[in-house]
Amino acid sequence: MSKQEKANILGMIDERFGELVELLKKERGFTLQELSDKTNLSPSYIYRLIRGFRGCELTTKLNILLNGFGMQEEAEQYLKTVIENKETLRKILD
């Protein structure tokens, strides 16, 4: 995967996570049930997430990336970005 593709994925994790899940699900040929089995989330929850009817917490995003799609590197980079942004915000507010 190129650096640009990784940057695009990181942006989608933050801004358009449902779209990313749908894209990865289709690329890998997963059904909602298969993704549900991998993540221990209900198919209806995943469906609503994909359609934008619900958001999700950081832990849920990491669960889907790691357990659903095996995206260790991308999940680690996203988590680093979240931590860096939190530290930056803390410095601004102090």
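Above this text you will find the structure in question.
Residues numbered from 1 in each chain as written. Predicted model: local features only at pLDDT ≥ 70, side-chain atom pairs only at ≥ 80, totals over all residues. Heavy atoms only, no water.

Novice: Outline the packing of aromatic side chains, supporting the account with residue identities and numerical values.
Specialist: By the definition in use, this model includes one aromatic pair. Both rings, one in F30 and one in F69, keep their centres 5.9 Å apart while their planes meet at 10°; by these two values the pair is stacked. Of this pair, F30 sits in the loop between α2 (17-28) and α3 (32-39) while F69 sits in the loop between α5 (58-68) and α6 (72-93), and the two are 39 residues apart along the sequence. Here F30 matches F69 in class, with each residue buried. (Phe/Tyr/Trp six-rings, centres within 6.5 Å; stacked < 30°, edge-to-face > 60°. Helix = DSSP H or I, 4+ residues; strand = E, 2+ residues; numbered from the N terminus. Buried < 20%, exposed > 50% of the residue type's maximum accessible area, 1.4 Å probe, protein only.)

Novice: Can you explain the pattern of salt bridges? Please cite residues and give values.
Specialist: Oppositely charged side chains can pair when the atoms bearing their charge come close. One pass over the structure, following the stated rule, counts three salt bridges. Of the charged contacts in the structure, one is a salt bridge between E19 and R16, with a shortest N-O distance of 3.1 Å. You can call E19 partly exposed: its relative accessible area is 45%. Here E22 makes a salt bridge to K26, at a shortest N to O gap of 3.4 Å. Linking E22 with K26, this pair stays in helix α2, spanning four residues, or about one helical turn. A relative accessible area of 15% means that E22 is categorised as buried. K26 sits in the exposed class, given a relative accessible area of 61%. Salt bridges sharing partners connect three or more residues here, namely E22, K25 and K26. (Salt bridge = Lys/Arg side-chain N within 4 Å of Asp/Glu carboxyl O.)

Novice: Just give me the short version of a nonpolar patch on the surface, but keep the residues and values in it.
Specialist: Nonpolar side chains collect at one region of the surface, where L58, L79 and I83 lie side by side and expose about 210 Å² of accessible area between them. Mapped onto the elements of the fold, L58 is located in helix α5. (Patch = residues over 30% accessible without salt bridge, like charges linked within 9 Å, V, L, I, M, F, W, Y side chains within 5 Å. Areas by Shrake-Rupley, 256 points an atom, 1.4 Å probe, with all protein chains shown as cover.)

Novice: Outline the environment of L79, listing residues and values.
Specialist: Looking at the secondary structure, you find L79 in helix α6. A relative accessible area of 31% means that L79 is categorised as partly exposed. For the pair L79 and L58, spaced 21 residues apart in sequence, the C-alpha to C-alpha distance is 8.5 Å. Not counting residues up to four positions away in its chain, the partners in contact with L79 are L58 and L62. (Contact = heavy atoms within 4.5 Å.)

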